[in-house]
Amino acid sequence: MAGYASVALEETFSPPAGSVLWNKEFLLGAATAAYQIEGAVDEDGRIPSIWDTFSATPGKTLAGDTGAVACGHYHRWEEDVELLASLNVGAYRLSIAWPRVMTEDGAPNHAGIAFYRKLLTALRAKGLKTFVTLYHWDLPQHLEDQGGWTNRDTAYRFAEYADMISRELAGLVDAWATLNEPWCSAMHGYGTGHHAPGKQDVVLATRAMHHLLLGHGLAAARLRANDPAAQVGIVTNVGRGTSNGATDADQHAAWLFELQHNNWILDPLLKKSYPSALWELWPGAEPPVHAGDMEVIGCKLDFLGINYYFRTNVVSDGKHGYLEVDLEGVERTQMGWEVYPEGLRHLLVGFHRDYPNLPPIYITENGTASDDQVIGGEVNDINRISFLNRHLAAVDQAVKQGVDVRGYFIWSLMDNFEWAFGYERRFGIIHVDYATQKRTLKRSAKLVTQFLAERNSK
Ligand code: FCB
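Residues numbered from 1 in each chain as written. Predicted model: local features only at pLDDT ≥ 70, side-chain atom pairs only at ≥ 80, totals over all residues. Heavy atoms only, no water.

**Looking at the overall build of the chain**
Consideration 1: A tally of helices and strands in the chain yields 15 helices and 11 strands.
Consideration 2: Expected size for 458 residues packed as a compact globule is a radius of gyration near 23 Å; at 21 Å, the chain falls within 12% of this value.
Consideration 3: With respect to the principal axes defined by its C-alpha atoms, the chain has extents near 60 × 55 × 45 Å.
Consideration 4: Taken across its 458 residues, the chain has 62% of its residues classed as buried.
Consideration 5: Pairs at least 24 residues apart make up 77% of the contacts formed inside the chain by residues separated by at least 6 positions.
Consideration 6: For the chain, the accessible area works out to roughly 17000 Å², and carbon and sulfur atoms hold 52% of it.
Consideration 7: Between the mean site of the 40 positive side-chain charges and the mean site of the 55 negative ones, the chain shows a separation of 5 Å. (Helix = DSSP H or I, 4+ residues; strand = E, 2+ residues; numbered from the N terminus. Rg over C-alpha atoms; globule rule 2.2 N^0.38 Å. Buried < 20%, exposed > 50% of the residue type's maximum accessible area, 1.4 Å probe, protein only. Contact = heavy atoms within 4.5 Å. Areas by Shrake-Rupley, 256 points an atom, 1.4 Å probe, with all protein chains shown as cover. Lys, Arg positive; Asp, Glu negative; His and termini not counted. Charge placed at Lys NZ, Arg CZ, Asp CG, Glu CD.)

**Brief notes about the packing of helix α14 (residues 382-400) against helix α15 (residues 443-457)**
Consideration 1: Across the interface, α14 lies against α15 with an axial gap of 8 Å and an inter-helix angle of 45°. Classified by the interaxial angle, the pair formed by α14 and α15 is oblique. In contact with I382, R384 and I385 of α14, α15 contributes R443, S444 and L447.
Consideration 2: Classifying every residue of the contact of α14 with α15 by side-chain character gives three nonpolar, one polar and two charged. (Axes fitted to C-alpha atoms, helices over the stretch in contact; angles between N-to-C directions. Parallel < 35°, antiparallel > 145°, perpendicular 65-115°, else oblique. Nonpolar A, V, L, I, M, F, W, Y, C, P; charged D, E, K, R; others polar.)

**Quick look at the UniProt feature "active site" (unreviewed entry) in the chain**
Consideration 1: The UniProt record annotates "active site" (unreviewed entry) at E181 and E365. With the annotated positions falling across 185 residues, the maximum pairwise C-alpha distance of 10.4 Å places them together in a single cluster.
Consideration 2: Its location among the elements puts E181 in the loop between β4 (175-180) and α8 (182-190).
Consideration 3: By relative accessible area, which is 6% here, E181 ends up buried.
Consideration 4: If we ignore the near neighbours within four places in the chain, the residues touching E181 are W137, V235, T236, N237, N307 and E365.
Consideration 5: Tracing the chain through its elements places E365 in strand β8 (residues 361-366).
Consideration 6: Taking relative accessible area as the criterion, E365 reaches 5% and is therefore assigned buried. (UniProt positions renumbered as here; feature names shortened; annotations may be inferred.)

**Digging into the side chain of D138**
Consideration 1: By the secondary structure assignment, D138 is in the loop between β3 (129-135) and α6 (141-144).
Consideration 2: Notably, D138 is buried but unbridged: the nearest opposite-charge side chain belongs to R46, and the N-O separation is 5.4 Å.
Consideration 3: Here D138 is in contact with A34, Y35, S49, I96, A97, W98 and P99, once residues within four sequence places are set aside. (Salt bridge = Lys/Arg side-chain N within 4 Å of Asp/Glu carboxyl O.)

**Points about the UniProt feature "binding site: substrate" (unreviewed entry) in the chain**
Consideration 1: Per the UniProt record, "binding site: substrate" (unreviewed entry) is annotated on Q36, H136, N180, Y309, W411, E418 and W419.
Consideration 2: Examined against the element boundaries, H136 turns out to sit in the loop between β3 and α6.
Consideration 3: Contacts of H136, omitting those with residues within four sequence positions, involve A33, Q36, R93, S95, N180, E365, W411 and W419.
Consideration 4: Inspection of the secondary structure puts W419 in the loop between β9 (405-411) and β10 (430-433).
Consideration 5: Residue W419 is classed as buried on the basis of its relative accessible area, which comes to 4%.

**Describing the pairing of β3**
Consideration 1: For β3, the buried fraction is high: six of the seven residues fall into the buried class.
Consideration 2: Sheet topology note: the strand β2 (residues 91-95)/β3 ladder contains five bridges and is parallel. Bridge assignment links A91 to a residue of β3, and that residue is K129.
Consideration 3: Strand direction decides the pairing type here: β3 and β4, joined by four bridges, are parallel. When the sheet's bridge partners are listed, Y135 is paired in β4 with L179. (Pairing = 2+ DSSP bridges.)

Pasting the structure below:
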């Protein structure tokens, strides 16, 4: 367990007295996404998605892993709901697979919809709040064949999907999120190519972002109309950028990093404009914006979902941009990501300061990957317990500094298909043995369960 030597073995999950965690209204939940857990990719009329295509392409994922089987959740959902409810958590964040619920010609696929209806009904019956994301990266492949998110038309197709599914599932959802992490869909999908569909052109990435955000705004209106009792929001990943460089140019590089990761999305959503400095970073990459688009994008949000994982150190590239340079000697997870809870507090307080209309926040993802092993029936993931303690303390500090954070979802409920990193990287509080699909509660899950039992009994 390199990097965690300083963590005591008897690490417990026990927020200090006075922490917002002790407030029963503060939601503690767990999160997953469809392609990462469901499997059953060609059952009951599900059509191919860009992740089926991408993961089946040699060299795109570690060990050639795909989501074809994943955690088998499509068939094991009842067991998984029981497990989830046994944790005493108040909420579950899941996503709906667009290719499972809509046919190529845009008609509802009733067999796929029935799966989510059963699942959401069972979650509600257990008293769990349901946070449902419409798009966690699994674009139907036939839409990618028409240009995917670089094609403006995809925004309208997304709104049609949101319209259909919110009519079908109205009354079963507490909070709808339109998109998960548009930054990753746009940048990793069309810029770096690390994610499906694997394109590598920043001009495509900025177009994709605009159409994702437009799709968000169009979809949000449909969700509100069809399911007025539910909250409507969006989930965005945020990054903390700092520089250990000595020059002003280095400090500017860190500012640019955050502009590119955070403000690229938050400004359109909360200020109805893109930050103009983006087009200095990426000359000529300004997307085509039609009259009225920014009004649609800047629609009312009931909540903002924030996904936070790590800090990035950068230096100036000597031109208009930045270079990422790993810091030596810092604590890192199995992903290689730096453990940096202070970044979460810093960002939350900064958003609260910079965006007067910032809606209530849920931390919709935070967590860590580790090479967890089942030994004698137990998984002693002390590093994860320490990670959660420290990040929840950061959230508590942000709340005490005035930020309206209403809940926190652990990524993830269970080990799953970690995109380009396949099954090797384990983020779950529940261990999954992929050979047998056996689920084992890790020590982190047991401690969270105990804490919530105590909190809920007060
Ligand atoms: C986020 C994704 C989520 C998961 C975590 C580790 O970017 O939203 O699906 O893969 O990273």
